[in-house]
Amino acid sequence: MTVNALAKEDFDPASVVTHDPVVRVEAISKHYGSVEALRSIDLQFERGKLTTLLGPSGCGKTTLLKIIAGLVPATSGQIVVNGRAVTGPGPERAFVFQDFALMPWATVLRNVGFGLELKGMAAAERNRIARRYIEEVGLQGFEDKYPHELSGGMRQRVGIARAFAVNADVLLLDEPFSAVDEQNRRKFQEDLLRLVEMERKTFIFVTHSIEEAVYVSDRIVLLSPRPGRVSNIIDPRIDRTANPDDIRRDPGYLDVVEEIWQGLRHYAE
Amino acid sequence: MTLFGYRIPMMASLIVWALIWEIVGQLDVIFLIPPMSAIIAAGFDLVQTNSWQNATLVTIRSFVIGMALAIGIGVPLGVMMGRVKIIDNIFGLWVNIFVSAPLSALVPVLMILFGMGEATIVVTVFLFAVWIIVLDARAGVMQVPASLVDMARSYGASQATIMRKIILVSALPEILAGIRIGVIRGVKGVVIGQILVAVIGYGELFELYSRSFDMERFWALTMVLFAAAMVLSAIVENAEKRIEYYAGAR
């Protein structure tokens, strides 16, 4: 059965075809002192697609995302973005944080425009762009509110608008919906799919929710824990033209969810 | 507070206590407590004297210089301690010793080091105020969420920009709280310093009035000082309130 296929240690990521890779992860390893967090990860992320890093806690998926973002240095290996090796953060990548990372003293407008502010863009110009993305994530009318006046879901919309506003090629999302309640989560996933469709950017998404991963992803990278390694790569191939409720009942969707769960369940014990 | 359905203003209790004082004073029980009316009269008299005005000038000058040094050194040191582990290790122990140490005991040593003049008072104010400012600035910087710093880095902010736009702004409520307590401690420092040195500013006046048993002026001076300390504290508190909306919300 698929159980063995998923759990096998000698899975070869090179066997998976990736067209036009915008981000290449080459032999990345990460040690925290004597703890090995990631062991020689090789991955490619296809332009315009949403790829999810999925795995149990402790598999290093957030660490890998932060290494790609340039926020955490790798112990060895390199990250190549648009054909260029990178060592730190860069304007071609934008990060969406699990805890939103909004400045509590700044309004929604200033928070969304903050990436542009740091680039030295004039206030009028960056406010214009910020307003456009505030509208795109459905927060028009909240421009002058402060983060503590917004719900968790609305705060993360601000975080996403800020990432979009800098017009990066690659969006890195670190469990963006984990601090959002369940009803809003589903709405968020649908909105995310709409944004992927509209913005034509590359999304790298970290989650520990199998359903979420299967629902939103073009490709799912399964990581195994301690040390983190790539244990499998799955392309769900869900028909997204159907309406969201039908997708969640679709046998193909449910099969992929089950297949991944079978592969991961032995880590849960 | 309300009493029998009437709203009583905040300071009303002060009037009651002043009345009790007046009665005790009028009864002439002990010479230490002259009537409140006589003290107030002495107060009006006092603030018009040359010696009081000169003493006030000297006191304010030492206080302002001492506080400026305490804030100018305390805030950067606290911020550095919050950001850099090795600086925290070097200074942490000393700051924690001095913040609770009975600093009045050091003033005689300071007199030997800095002489019987204003310099000693300035150093006393500085030593009274600086430690709590350092500790609060450090605490403020340490509670800055790591993700906020990561966020600024991921959008290309330099270390200087992160310091200016994220860390200092985020730590501002704690920094101001430290300055407020520092101001209160600084007032203690300036008075204790002057009394121990005893030849400048209010210290000289206190010495003069208590030695000549001029209790009206002694109390008038004390009350002027108490009022000044409260007003100063209220000013800083007011500044704190302006930024409280986000301090409470983060």
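An unreviewed UniProt entry lists chain B under the name ABC transporter permease, with Paracoccus acridae as the source organism. The heading Subcellular location (unreviewed entry) in the UniProt record of chain B holds the text "Cell membrane". The annotation that UniProt attaches to chain B under Sequence similarities (unreviewed entry) is "Belongs to the binding-protein-dependent transport system permease family."

Looking at an unreviewed UniProt entry, chain A carries the name Nitrate ABC transporter ATP-binding protein, with the source organism given as Paracoccus acridae. Under the heading Sequence similarities (unreviewed entry), UniProt records this for chain A: "Belongs to the ABC transporter superfamily."

The next thing to look at is the overall build of chain B. From N to C terminus, chain B includes eleven helices and two strands. Taken from N to C terminus, the helices and strands of chain B fall in the order β-β-α-α-α-α-α-α-α-α-α-α-α. Taking the principal axes of its C-alpha atoms as reference, chain B extends roughly 75 × 60 × 30 Å. In chain B, which comprises 250 residues, the share counted as buried stands at 37%.

Helix length check: helix 4 (residues 85-100) of chain B, at 16 residues, gives a terminal C-alpha distance of 23 Å against a target of 22 Å (1.5 Å per residue), a fit within 8%. Among the 16 residues in helix 4 of chain B, one count as buried, and that is only a small part of the element.

Residue and element names in this part refer to chain A. Of all six residues in strand 8 (residues 202-207), six are buried; the element is thus mostly enclosed. Burial along strand 8 is two-sided: the residues Thr-202, Ile-204 and Val-206 and Phe-203, Phe-205 and Thr-207 are all buried. Bridge count for strand 7 (residues 170-174) against strand 8 is five bridges, and the pairing is parallel. Counterpart to Leu-171 in the pairing with strand 8 is Phe-203. With helix 7 (residues 182-199) bridging strand 7 and the parallel strand 8, this β-α-β connection has right-handed handedness.

All names here are of chain A. Taken domain by domain, chain A consists of domain 1 (2-92 + 169-268) and domain 2 (101-167). Listed by partner, the interface residues are ten residues for domain 1 and seven residues for domain 2. Counting residues per element, the side of domain 1 that touches domain 2 draws most heavily on helix 7, at three residues. For the side of domain 1 that touches domain 2, the per-class residue count stands at seven nonpolar, one polar and two charged.

Across the contact, 18 residues belong to chain A and 15 residues belong to chain B. Top contributing element to the side of chain A that touches chain B by residue count: helix 4 (residues 114-118) of chain A, with three residues. Along the lines of polarity and charge, the residues of the side of chain A that touches chain B split into 14 nonpolar, two polar and two charged.

Further remarks concern the nonpolar core. Taken as a class, soluble globular proteins show a tendency for nonpolar side chains to be buried jointly. Of all hydrophobic cores here, the largest spans 137 residues; its most connected members are Ile-68, Ala-161, Leu-172 and Ile-204 of chain A together with Ile-133 of chain B. Per-element tally for this core: the top contributor is helix 6 (residues 118-142) of chain B, with 16 residues. Both domain 1 (2-92 + 169-268) and domain 2 (101-167) of chain A contribute no fewer than three residues apiece to this core.

A few words now on the UniProt feature "domain: ABC transporter" (unreviewed entry) in chain A. Annotation from UniProt places "domain: ABC transporter" (unreviewed entry) at residues 23-250 of chain A. Segment residues 23-250 of chain A splits into 34% helix and 28% strand. End C-alpha atoms: 31 Å apart.

It is worth spelling out the UniProt feature "transmembrane region" (unreviewed entry) in chain B at this point. Residues and elements named next belong to chain B. The sites that UniProt annotates as "transmembrane region" (unreviewed entry) are residues 29-47, 59-79, 91-114, 120-141, 189-206 and 218-236. Split by type, residues 91-114 is 75% helix and 0% strand. Its first and last C-alpha atoms lie 24 Å apart. Annotated as 83% helix and 0% strand, the span residues 189-206 places its first and last C-alpha atoms 15 Å apart.

Once that is clear, we can look at the pairing of strand 10 (residues 229-234) of chain A. Residues and elements named next belong to chain A. Counted residue by residue, strand 10 has five buried out of six residues, so it is predominantly covered. Here strand 9 (residues 219-224) runs beside strand 10; their pairing, made up of five bridges, is antiparallel. Bridged to Leu-223 within strand 10 is Val-230. Following strand 9, the chain reverses through four residues before pairing antiparallel with strand 10; Arg-226 in that reversal takes a positive phi of roughly 45°.

Residues and elements named next belong to chain A. Spatially, 6-7-8-3-9-10 is the arrangement adopted by the six strands of the open sheet, whose pairing is mixed. Each end of this open sheet is capped by a strand with a single partner; those strands are strand 6 (93-96) and strand 10. Neighbour-to-neighbour, the strand axes of this sheet turn through a mean angle of 20°, independent of strand direction. Strand direction decides the pairing type here: strand 3 (residues 50-54) and strand 8, joined by five bridges, are parallel. In the strand pairing of strand 8, Leu-53 is matched with Val-206. Packed onto the sheet, helix 6 (residues 152-165) meets strand 6 and strand 7 and runs at close to 175° relative to strand 6.

Thresholds, definitions, all that
Residues numbered from 1 in each chain as written. Chains lettered and ligands numbered in written order. Predicted model: local features only at pLDDT ≥ 70, side-chain atom pairs only at ≥ 80, totals over all residues. UniProt positions renumbered as here; feature names shortened; annotations may be inferred. Helix = DSSP H or I, 4+ residues; strand = E, 2+ residues; numbered from the N terminus. Buried ≥ 20, exposed ≤ 12 C-beta atoms within 10 Å, placed from the backbone. Expected span 1.5 Å × (residues − 1). Pairing = 2+ DSSP bridges. Right-handed = clockwise from strand over helix to strand, strands pointing away. Domains from an automatic or database assignment. Contact = placed C-beta atoms within 7 Å. Nonpolar A, V, L, I, M, F, W, Y, C, P; charged D, E, K, R; others polar. Core = buried A, V, L, I, M, F, W, Y, C linked by C-beta atoms within 7 Å. Axes fitted to C-alpha atoms, helices over the stretch in contact; angles between N-to-C directions.

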